[in-house]
Amino acid sequence: MQVSSVDFNMGTDPVLQRGETTTSIGRIKPELYKQKSVDSDGQQEDVKTCGKLNFTLRYDYENELLAVTIVKALDLPAKDFTGTSDPYVKIYLLPDRKKKFQTRVHRKTLNPVFDETFQFPVAYDQLSNRKLHFSVYDFDRFSRHDMIGEVILDNLFEVSDLSREANVWKDIHCATTESIDLGEIMFSLCYLPTAGRMTLTVIKCRNLKAMDITGASDPYVKVSLMCEGRRLKKRKTTTKKNTLNPIYNEAIIFDIPPENVDQVSLSIAVMDYDRVGHNEVIGVCRTGIDAEGLGRDHWNEMLAYPRKPITHWHPLVELPGRATSFDSQGSCSSPKPPLTP
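Cut-offs used in this document
Residues numbered from 1 in each chain as written. Predicted model: local features only at pLDDT ≥ 70, side-chain atom pairs only at ≥ 80, totals over all residues. Heavy atoms only, no water. Pairing = 2+ DSSP bridges. Helix = DSSP H or I, 4+ residues; strand = E, 2+ residues; numbered from the N terminus. Phe/Tyr/Trp six-rings, centres within 6.5 Å; stacked < 30°, edge-to-face > 60°. Lys NZ or Arg CZ within 6 Å of the ring centre and 35° of its normal. Salt bridge = Lys/Arg side-chain N within 4 Å of Asp/Glu carboxyl O. Buried < 20%, exposed > 50% of the residue type's maximum accessible area, 1.4 Å probe, protein only.

Chemist: Would you mind going over the pairing of strand β9 (residues 166–174) with me for this structure?
Modeler: Two elements, strand β2 (residues 49–60) and β9, share seven bridges in a ladder whose sense is antiparallel. The residue of β9 that forms the bridge with Leu57 is Ala166. Of the pairings in the sheet, the one linking strand β8 (residues 146–153) to β9 comprises two bridges and is antiparallel in character. Pairing of Gly149 across the sheet is with Cys174, part of β9.

Below is the structure:
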C-alpha cells in the first residue's frame, strides 16, 4: 500500500490576525480539558496510594555513580479489562530530565519483579540537591500508556549515607493531573475550503516541564501531517532559548483539498533542543477527526467555521511508547492538486 505525499508549504510571516486569539468558548468548553499547573508547591494531604515500590540505593565513590536497583512492585491496580496490568518503571534523577532509564515491561502481573540496576553519574556533594522520580506505567500496545502512579524520593540520604546498599520501600502515589502535567500549547486552526489550505499557527506554550538541569528548556514545536498513521510531512518552529513559556506566533501552512480533509490529522510535538545530545520530547498532542477530546473538537470546529482562525489551549501528554508508534495497515488515496485561490 502506498501513501502519497500531500503538498506542504510553510510560511514564516507573523500571522496573528485580529480576533485570532479569541477562543470560541460558546462552542467548546475549555475548562473541561484544563489541567492544573505544576507550579504550585502545595501537596494534597490525603494522597491515594496504588501499591508499593521496592528499590535499593548505593553510591560508588570511585566512579562517582549513584546505583539504583528497581527490585519489584506490589499490589498494583489492574488497568486492563482482563484484570491485570503490563507494568514498567521510568526513573529520573531530578532536576535533570534528559537522562532517564526504563525497565522492561512485565506482562499481565500486578506484582512485577524487575531486578534492574541503573547508574546515574553524579558527584557525591550534589546528591543533596537531587531527588529520584519513579513513574510506574501500564504498557498498552494500541494506545497511550497509562500512568499508574509515582514515587518521589526527595532526600536521598533518608535511609543512610549510601556507602552501603540501602533497601527502600515506598508507597506509590496514584497519578494525578499534577503528576502527569507536561504543560500546554496554544495554537489556532484555520481552513480555507476554496483554496484547499489549512493554517496551523503555533502561538505559545506555558508551564512546560523543565528538561535541563538548569530548570529550564530550549523548546521548539514540530508539526507532522499524518494520514492513517503515516507521516507525510513535518516542519518545525524556531527554538526559544532558556524558557518554559515560549512565544512563537509562527504559521505552518498545509495544502489539503476538501476531499482529503477527513483523511489527515496533525501531530504536534513540543521538543527540547540539545546542542550536544539528541533532542528530547517534552510532550505531544494531536488534532484531527481521529483524535480524542479537545483535539477532535478543535478540528471539527475549524471545519464548521471555515476561513476563521479557531484558537485553543491543548494539554501536552507523554509521547507514546515505540510499540504504539505510527504504524498502520491503512493507506491514503492520492490527494488531488489544490485549487488556485
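Chemist: Would you mind showing me how to read the packing of aromatic side chains here?
Modeler: Aromatic rings considered in pairs are described by the distance between their centres and by the relative angle of their planes. Under the counting rule described, the total for this entry stands at eight aromatic pairs. Ring pairing ties together the aromatic residues Tyr59, Tyr61, Tyr124 and Phe157, which thus form one cluster. Sitting over the face of the ring of Tyr220, Lys236 holds its NZ or CZ atom 5.3 Å from the ring centroid.

Chemist: Mind showing me how you'd approach the pattern of salt bridges here?
Modeler: For side chains of opposite charge, pairing can occur when their charged atoms come near one another. Enumeration according to the criterion identifies eight salt bridges in this entry. Between Asp171 and Lys52 there is a salt bridge whose closest N-O contact spans 2.6 Å. Taken together, the residues span a long stretch of sequence, with Asp171 in strand β9 and Lys52 in strand β2 at a distance of 119 residues. For Asp171, a relative accessible area of 34% corresponds to the partly exposed category.

Chemist: Explanation requested: unusual backbone geometry in the structure shown.
Modeler: Most of the time, phi is negative for any residue but glycine, and the peptide bond is trans. Phi angles above zero are rare outside glycine, and Lys108 is one such case at about 50 degrees. Inspection of the secondary structure assignment puts Lys108 in the loop between β5 (96–102) and β6 (113–121). In this structure Lys108 comes out as exposed when scored by relative accessible area, which is 63%. At Asn207, a residue that is not glycine, the phi angle is positive and equals roughly 55 degrees. Take Asn207: it is sitting in the loop between β11 (197–206) and β12 (219–227).

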